[in-house]
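Coordinate inspection notes
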Amino acid sequence: MTERIDGHTILIGLMAYPIRHSMSPTMHNNAFAKLGLNYAYLAFEVTNETLPAAIQSIRTLDMRGSNISMPNKQKVIPLLDKLDPAAKMIGAVNTIVNDDGILTGYTTDGIGFMKSLDDEGLDIRGHKMTLAGAGGAGTAIAVQAALDGVSEMSIFNRHDASWENAKRNVDLLNEKTNCKATLHELENRDDLKAEIADSFIYTDATGVGMKPLENETLVTDPSWFRKDLIVFDTVYAPRTTKLMQVAEQAGVAHVFNGLGMMLEQGAAAFKLWTGKEMPVDYIRNILF
Ligand code: NAD
């Protein structure tokens, strides 16, 4: 690191709280070093209260930009100058690019989801997806998949604080994209089973399967899964979730955790800041 830092080094931030556990600094700094790019990526503990001053510092310090994570993904929007169309639809930002003091907000989680499937040679465009979850990740996945050409989407959520979000996502897809979306109650097990049976891919973006719910899964019966279904869990800790175990019992060939999505959302932000492709295979070996 010290060999790379000099008077010209350009700073990129990560503003969230808590954030010390993040893999993003390791990801980006190794990619900068590998490509010989004179940038440094640092994590900053930023809350909703300190966010306005932190965003202003991007301009003041002429930083190239920043990643934004919880609890700031929505709160940051009024502090920016411009929004990418997908970020506007999703209503959240995870990446800021500073062009001569003009700050533009992007969201790369959905791009990461689609790209991670492309990396595996799987094209879900023109097909139907059943998606559980309508929080930050579920919304980003729904919007990007619909914009990219997924033709039908059945969105499931339980009746909690995200139910209204699920309704909004379905309306958004039907009004603003060519994807035909329908809203479903996660509590209706027969409906979930039927929609999965009719889908090309089942994606769980609920976080069930992650601590403290690491022993749980929304689908417990392997007979719900066909062998040629794609099963995608956005969780990446643990590496093999309960849902993935059920899919593997069913003999499903294409079963994924969220690591590829995490890597590719970072690669998309890296490209926005530097104009260069992140060396993803090299970084995958370092991180995983
Ligand atoms: P969020 O809090 O915004 O949304 C949570 C969603 O899960 C909501 O739809 C909620 O209704 C649902 N939910 C929560 N508990 C549930 C339960 N017990 N049963 C059924 N549904 C439940 O969270 P988020 O930011 O959208 O994150 C969701 C998951 O996606 C997390 O596991 C997170 O780690 C993962 N994620 C992965 C990546 C990646 O790059 N792989 C990126 C972002 C988020």
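Read on for an overview of the structure. (Residues numbered from 1 in each chain as written. Predicted model: local features only at pLDDT ≥ 70, side-chain atom pairs only at ≥ 80, totals over all residues. Heavy atoms only, no water.)

Side note on the site of the ligand
This is how the line gets drawn: We call a residue near a molecule or strand when any one of its heavy atoms sits within 4 Å of it. The definition of a polar contact used here is a pair of N or O atoms within 3.5 Å, where within protein one atom must be able to donate a hydrogen and the other to accept one, and adjacent residues in sequence count solely through side-chain atom pairs. With residues, only the protein chains shown are counted as cover, and all accessible areas are computed by Shrake-Rupley using a 1.4 Å probe.
Lining the immediate surroundings of the ligand are 22 residues, of which Ala 134, Ala 137, Asn 157, Asp 160 and Gly 258 lie closest. Contact distances for the ligand include 2.9 Å between an oxygen atom and a backbone N or O atom of Gly 136. Here Met 262 contributes a backbone N or O atom positioned 3.3 Å from an oxygen atom of the ligand. Within the complex, 76% of the 850 Å² of free accessible area of the ligand lies under protein.

Quick word on the packing of aromatic side chains
Heads up, the rule is: Any two of the Phe, Tyr and Trp rings considered here, Trp counted by its six-membered ring, make a pair once their centres fall within 6.5 Å; the pair's planes then place it as stacked at under 30 degrees, edge-to-face at over 60, or tilted in between. Helix numbers and strand numbers start at the N terminus; a helix is a DSSP run of H or I with at least 4 residues, a strand a run of E with at least 2. Note on classification: 1.4 Å probe, protein chains only; a residue is buried when its accessible area is under 20% of the maximum for its type, exposed when over 50%, partly exposed between these limits.
According to the stated counting rule, one finds 6 aromatic pairs in the structure shown. Each ring, one from Tyr 41 and one from Trp 273, has its centre 6.0 Å from the other, and the planes form 55°; the classification is tilted. A residue pair is termed long-range when its members are at least 10 positions apart, and Tyr 41 in strand 2 (residues 39-45) and Trp 273 in helix 9 (residues 259-274) qualify at 232 residues. Across this residue pair, the class does not change: Tyr 41 and Trp 273 are buried.

Considerations on the sheet that holds strand 7 (residues 128-132)
Rule in force here: Whether two strands pair depends on DSSP finding at least two bridges between them. Between the N-to-C directions of two axes lies an angle of 0 to 180 degrees, each axis being a line fitted to C-alpha atoms and, for a helix, fitted only over the stretch in contact.
Taken together, 6 strands build an open sheet; the order of strands is 9-8-7-10-11-12 and the sheet is parallel. Every other strand in the sheet has two partners, leaving strand 9 (180-185) and strand 12 (254-256) as the edge strands with one partner each. Put simply, the sheet's adjacent strands are angled 15° from each other on average, direction ignored. Of the strand pairs in this sheet, strand 7 and strand 8 (residues 152-157) are connected by 5 bridges, and their pairing is parallel.

Quick word on the sheet that holds strand 6 (residues 102-106)
The line we're drawing: Note on contacts: a residue pair is in contact if any heavy atoms of the two residues lie within 4.5 Å.
Strand order in the open sheet formed by 6 strands is 2-1-3-5-6-4, and the pairing between neighbours is mixed. Edge strands, defined here as strands with exactly one partner in the open sheet, are strand 2 and strand 4 (82-83). Pairing of strand 1 (residues 10-16) with strand 2, which is carried by 7 bridges, proceeds in the parallel orientation. Pairing of Ile 12 across the sheet is with Tyr 41, part of strand 2. Lying over the sheet, helix 9 contacts strand 1, strand 2, strand 3 (65-68), strand 5 (95-99) and strand 6, oriented at roughly 5° with respect to strand 5.

Thoughts on helix 6 (residues 163-176)
Condition: What a helix is expected to span follows from its residue count: subtract one and scale by 1.5 Å.
The end-to-end C-alpha distance of helix 6, which contains 14 residues, comes to 20 Å, matching closely the 20 Å that a straight helix rising 1.5 Å per residue would cover. Listed in full, the buried residues belonging to helix 6 are Trp 163, Ala 166, Asn 169, Val 170, Leu 172 and Leu 173. Summarising the contacts, the buried residues of helix 6 are in contact with helix 3 (85-90), helix 5 (136-148), strand 8 and strand 9.

Remarks on the packing of helix 1 (residues 24-35) against helix 9
Test applied: Roughly parallel covers angles under 35 degrees, roughly antiparallel covers those over 145, roughly perpendicular covers 65 to 115, and oblique covers all other angles. By convention the crossing between two helices is left-handed if the near helix lies anticlockwise of the far one by an angle smaller than a right angle, and right-handed if it lies clockwise. For this classification, the nonpolar set comprises Ala, Val, Leu, Ile, Met, Phe, Trp, Tyr, Cys and Pro, the charged set comprises Asp, Glu, Lys and Arg, and every other residue, Gly included, is treated as polar.
For the pair helix 1 and helix 9, interaxial distance at closest approach is 11 Å and the crossing angle is 55°. Compared by their axis directions, helix 1 and helix 9 come out oblique. Considering how the two elements wind past one another, helix 1 and helix 9 form a crossing that is right-handed. Counted together, Met 27, His 28, Ala 31, Phe 32 and Leu 35 of helix 1 and Met 262, Leu 263, Gly 266, Phe 270, Trp 273 and Thr 274 of helix 9 form the full contact between these two elements. Here the contact of helix 1 with helix 9 is built from residues that sort into 8 nonpolar, 3 polar and no charged.

Some details on the pattern of salt bridges
Heads up, the condition is: For salt bridges, the criterion is a side-chain nitrogen of Lys or Arg within 4 Å of an Asp or Glu carboxyl oxygen.
With the rule as written, the count across this model stands at 16 salt bridges. Note that Lys 128 is salt-bridged to Asp 198, the shortest N-O span being 2.8 Å. Residue Lys 128 is located in strand 7, and its partner Asp 198 is located in the loop between helix 7 (189-197) and strand 10 (201-204); the two are separated by 70 residues in the primary sequence. A network of salt bridges, in which partner residues are shared, links Lys 128, Glu 152, Glu 195 and Asp 198.

Focus on the pairing of strand 6
The pairing of strand 4 with strand 6 spans 2 bridges and is classified as parallel. Within strand 6, the position partnered with Leu 83 by the bridge is Gly 105. The pairing of strand 5 with strand 6 spans 5 bridges and is antiparallel. By the bridge assignment, Val 97 is partnered in strand 6 with Thr 104. Joining the antiparallel neighbours strand 5 and strand 6 is a turn of 2 residues, in which Asp 100 adopts a positive phi near 50°.

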